Amino acid sequence: DMRGSIAISPKTSLLEIDSSDSDQVCESFGMHPKLSAAHQLYNDGDLVWFANAGVLYRPVDKSNYKKGAKSALFAHNSMQREVQRIDPDKTDVETGVLGRLSDALISQQKFSVE
């Protein structure tokens, strides 16, 4: 197994996040059981999730995504890099709001975002 010690089995051990009162497609999703502190922060209203963040420039489907997408849609490292560049207001070219947030956290030398 590629995931080694971070693999979760069985899935019933996930920490549940109830999203039934949101506009998310799923009514709930799960967190790794070792993220109990983050789970509590979320439940207390002190943590937010960016769900379904993506970098599609136009609608694609299974038959045309290789030609219709500008980035590797199924590569985790590529998606991390792309989501850090998201900048809907184009306030700072090629940095993105999440990239600027990441830079600010790293500059405080208190956080790692890798």
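As the structure is a prediction and not an experimental result, all values here were calculated from the model.

Draft legend 1. Highlighting the overall build of the protein chain. A tally of regular secondary structure across the protein chain gives 4 helices and 2 strands. For the protein chain, the α and β elements follow one another from N to C terminus as β-β-α-α-α-α. Burial analysis of the protein chain (114 residues in total) assigns 16% to the buried set. Contacts in the protein chain between residues far apart in sequence, at least 24 positions, make up 19% of those at least 6 positions apart. Carbon and sulfur atoms make up 53% of the accessible area of the protein chain, which totals about 9600 Å².

Draft legend 2. Spatial organisation of a negative patch on the surface. Taken together, E16, D18, D21 and E27 make up a surface patch of like negative charges. Topologically, E27 is positioned in the loop between β1 (15–18) and β2 (28–31).

Draft legend 3. Representation of the side chain of H39 within the structure. Along the chain, H39 turns up in helix α1 (residues 36–43). When its relative accessible area of 15% is taken as the criterion, H39 is described as buried.

Draft legend 4. The environment of L101, seen in detail. Relative to the helices and strands, L101 is located in helix α4 (residues 97–107). Overall, the relative accessible area of 45% leaves L101 in the partly exposed class. For the pair formed by L101 and Q84, sequence separation is 17 residues and the distance between their alpha carbons is 8.7 Å.

Draft legend 5. Fine view of helix α3 (residues 76–84). Buried residues of α3: S78, M79, E82 and V83, and no others. Seen along its axis, α3 keeps its buried residues to an arc of 125°; they face one direction.

Draft legend 6. The arrangement of the side chain of S19 in detail. Here S19 shows up in the loop between β1 and β2. S19 sits in the buried class, given a relative accessible area of 5%. A distance of 2.8 Å separates the side chain of S19 from the backbone oxygen of C26, its partner in a polar contact. Residue contacts for S19: discarding those within four places in its chain leaves Q24, C26, E27, S28 and F29.

Draft legend 7. Representation of the confidence of the model for the protein chain in the model. Overall, the prediction assigns the protein chain a mean pLDDT of 76, with 73% of residues at 70 or greater. Within the protein chain, the lowest mean pLDDT, 74, falls on α4, and the highest, 90, falls on α1.

Draft legend 8. Quick look at the environment of Q40. Summarising the element assignment, Q40 is placed in helix α1. As a C-alpha pair, Q40 and L15 span 25 residues in sequence and 9.8 Å in three-dimensional space.

Calculation criteria
Residues numbered from 1 in each chain as written. Predicted model: local features only at pLDDT ≥ 70, side-chain atom pairs only at ≥ 80, totals over all residues. Heavy atoms only, no water. Helix = DSSP H or I, 4+ residues; strand = E, 2+ residues; numbered from the N terminus. Buried < 20%, exposed > 50% of the residue type's maximum accessible area, 1.4 Å probe, protein only. Contact = heavy atoms within 4.5 Å. Areas by Shrake-Rupley, 256 points an atom, 1.4 Å probe, with all protein chains shown as cover. Patch = residues over 30% accessible without salt bridge, like charges linked within 9 Å, V, L, I, M, F, W, Y side chains within 5 Å. Salt bridge = Lys/Arg side-chain N within 4 Å of Asp/Glu carboxyl O. Lys, Arg positive; Asp, Glu negative; His and termini not counted. Charge placed at Lys NZ, Arg CZ, Asp CG, Glu CD. Arc of directions from axis to C-beta. Polar contact = N/O pair within 3.5 Å; in protein donor to acceptor, adjacent residues only side chain to side chain. pLDDT = per-residue confidence, 0-100.

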